[in-house]
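Residue strings, one per chain:
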Amino acid sequence: MTVRFQQSAPATFKLAQEKDWSSTRIAIRGFQLRPKVYVTRLLPEVAMERINSFCDADVWRGELPPSREVILRKARDVEGLVCLLTDKIDAELMSEAPNLRVISNCAAGFDNIDIAEATKRRIVVGNTPDVLTETTADFTFALMMAAARRVVEGDRSVRGGGWKTWGPMILLGQDVHGATLGIVGLGRIGAAVARRAKGFGMRVLYYSRTRRTEVETELGVRYAEFDRLLGESDFITLHVNLSRETFHLIGKKQFEKMKKTCVLVNTSRGQVVDNMALYEALRVGSIAFAALDVTEPEPIPADHPLLTLQNLIITPHIASASMKTRTEMALIAAENLIAGLKGELPLHAVNPEVLGHC
Ligand code: DGY
């Protein structure tokens, strides 16, 4: 094991109660062993600097994610892992990583991590919500507008030499203003989308596991049972976490309940929509259009049937991809990592109970 020293321990360093860290983190005459961490992708420089200021970091520099074998091997002797939603952090990996005590996901979602297993092993898991809320809501709106007004088709037509004249019936789309928007999942991002929709004069319905009466009053949105929302909305946008309950939440039956003119937008997780049912719904016209930032799987294979359709826009999971937001996400991931390594509660901990917080 490579041993690197950092002068003086951080003042706030605390040992976690339940584990004996003595073999992995030892103070010797004022010098402290720097915790070894593995970072599965190069993050913005400020975040890397922050990680390097406290840790001995091994970083995967490839453009594509490290293979499963590489992550398994690298995790073996680290105390911290900074990972992305492309990395599957499961029970097998945790069992191969006896020293692991912090998993810092550089994403708001954490469906790539087995949280129950991490909690059982007293590994704290951090994520990066909040900072991406407005950016993701902006992008959701961009997709909705682009789909409604056929922006991508227009661009394709011009580039392909299809623009011959101004025509009264060319690329007619749908109005966003005055339309009904159905929001599935009224969490932070769903509410941020609702706020934008109100600015566009839309009627907003939402469906959520728990009714959010305070948000209803604040934003002027109305709760609707799921089926009613499906049937009444001109646009439907998905903002749920991926879980057993939300896996393929939108499938054949749900498409049959939607308006033929409906536009479906998904910036949540690909698995929330049954892709083949979506393909069929778009092909036969049971809905008009879909705009997806997320797919199942990611990336979607180039020969996937969905990609043969014209009434579909797909972007490569970039809803949170503004320079500012991605930098902030990486910085939070770095801070979550460091706090967890110090035995402190990270700013955003998915399982704070590991550190004695509820
Ligand atoms: C997240 O953070 O979960 C997003 O999907 C990344 O854009």
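Residues numbered from 1 in each chain as written. Predicted model: local features only at pLDDT ≥ 70, side-chain atom pairs only at ≥ 80, totals over all residues.

1. Regarding the pairing of strand 12 (residues 235-238)
This is how the line gets drawn: We call a residue exposed when 12 or fewer other C-beta atoms sit within 10 Å of its C-beta, buried when the count reaches 20 or more, and partly exposed for counts in between; the C-beta positions come from the backbone. Counting from the N terminus, the helices are the DSSP runs of H or I reaching at least four residues and the strands are the DSSP runs of E reaching at least two. Strand pairing follows a simple DSSP-based rule, namely that at least 2 bridges must link the two strands. A crossover counts as right-handed when, viewed with the strands pointing away from the observer, the path leading from the first strand over the helix to the second turns clockwise.
Alternating positions in strand 12 separate into two faces, Phe235 and Thr237 on one and Ile236 and Leu238 on the other, with burial throughout. Summarising the sheet, strand 9 (residues 180-184) and strand 12 pair through four bridges and their orientation is parallel. Directly across from Ile183, in strand 12, lies its bridge partner Thr237. Pairing analysis gives four bridges linking strand 12 to strand 13 (residues 263-266), with the strands arranged parallel. Directly across from Thr237, in strand 13, lies its bridge partner Val265. Tracing the backbone out of strand 12, into helix 10 (residues 252-257) and back to the parallel element strand 13 gives a crossover that is right-handed.

2. Overview of the sheet that holds strand 12
Taken in spatial order, the seven strands line up as 11-10-9-12-13-14-15 in an open sheet, and their pairing is parallel. On the outer flanks of this sheet lie strand 11 (222-223) and strand 15 (312-314), each paired with one strand and no other.

3. Structural notes on the nonpolar core
Operational definition: We call a set of buried Ala, Val, Leu, Ile, Met, Phe, Trp, Tyr and Cys residues a nonpolar core when their C-beta atoms link them within 7 Å.
Membership of the largest hydrophobic core comes to 53 residues, with the highest contact counts inside it found for Met144, Ala147, Val204, Val263, Ile287 and Ala291. One finds Val39, Leu93, Ile332 and Leu341 within the second-largest nonpolar core, a separate group that totals 48 residues.

4. Here's the deal with the environment of Val265
Following the sequence through the fold, Val265 ends up in strand 13. With 29 C-beta atoms counted inside 10 Å, the residue Val265 sits in the buried group. A C-alpha to C-alpha distance of 12 Å links Val265 and Ala319, two positions 54 residues apart in sequence.

5. Points about the pairing of strand 5 (residues 56-59)
As paired elements, strand 4 (residues 36-39) and strand 5 share four bridges and run parallel to each other. Within strand 5, the position partnered with Tyr38 by the bridge is Asp58. You can see the chain leave strand 4, run along helix 1 (residues 45-54) and come back into strand 5, and the turn it takes is right-handed.

6. Description of the site of the ligand
Quick note on the threshold: Only the C-beta atom, placed from the backbone, is used; a residue is near a molecule or strand if that atom lies within 6 Å of it. In the scheme used here, Gly and all other residues not listed as nonpolar or charged are polar, with Ala, Val, Leu, Ile, Met, Phe, Trp, Tyr, Cys and Pro taken as nonpolar and Asp, Glu, Lys and Arg as charged.
Within the structure, the ligand sits among Leu85, Ala107, Ala108, Gly109, Leu132, Ala319 and Ser320. Partitioning the shell around the ligand into residue classes produces five nonpolar, two polar and no charged.

7. A short note on the domain arrangement of the protein chain
The condition that has to hold: Start and end positions for the domains come from either an automated domain assignment or a database one. Note on contacts: each residue gets a C-beta atom placed from the backbone, and two residues are in contact if those atoms are within 7 Å.
Each assigned domain of the protein chain is listed here: domain 1 (5-129 + 324-355) and domain 2 (133-314). Measuring from the centre of the C-alpha atoms in domain 1 to the corresponding centre in domain 2 gives 35 Å. Between domain 1 and domain 2, the residue contacts involve four residues of the former and five residues of the latter. Across the side of domain 1 that touches domain 2, the residue classes break down as one nonpolar, two polar and one charged.

8. Structural notes on the packing of helix 5 (residues 133-148) against helix 7 (residues 188-199)
Inclusion rule: Axes here mean lines fitted to C-alpha atoms, for a helix over just the part in contact, with angles spanning 0 to 180 degrees between N-to-C directions. Orientation is classified from the angle alone, with under 35 degrees giving roughly parallel, over 145 giving roughly antiparallel, 65 to 115 giving roughly perpendicular, and any other angle giving oblique. Helix crossings get a hand from a simple test, with the near helix turned counterclockwise from the far one by less than a right angle marking a left-handed crossing and a clockwise turn marking a right-handed one.
Relative to each other, helix 5 and helix 7 sit at 55 degrees, their axes nearing to 8 Å. By the criterion of interaxial angle, the relationship of helix 5 to helix 7 is oblique. Between helix 5 and helix 7 lies a crossing of right-handed hand. Together, Thr133, Glu134, Thr136, Ala137, Thr140 and Phe141 of helix 5 and Arg188, Ile189, Ala192, Val193 and Arg196 of helix 7 make up the contact between the two elements.

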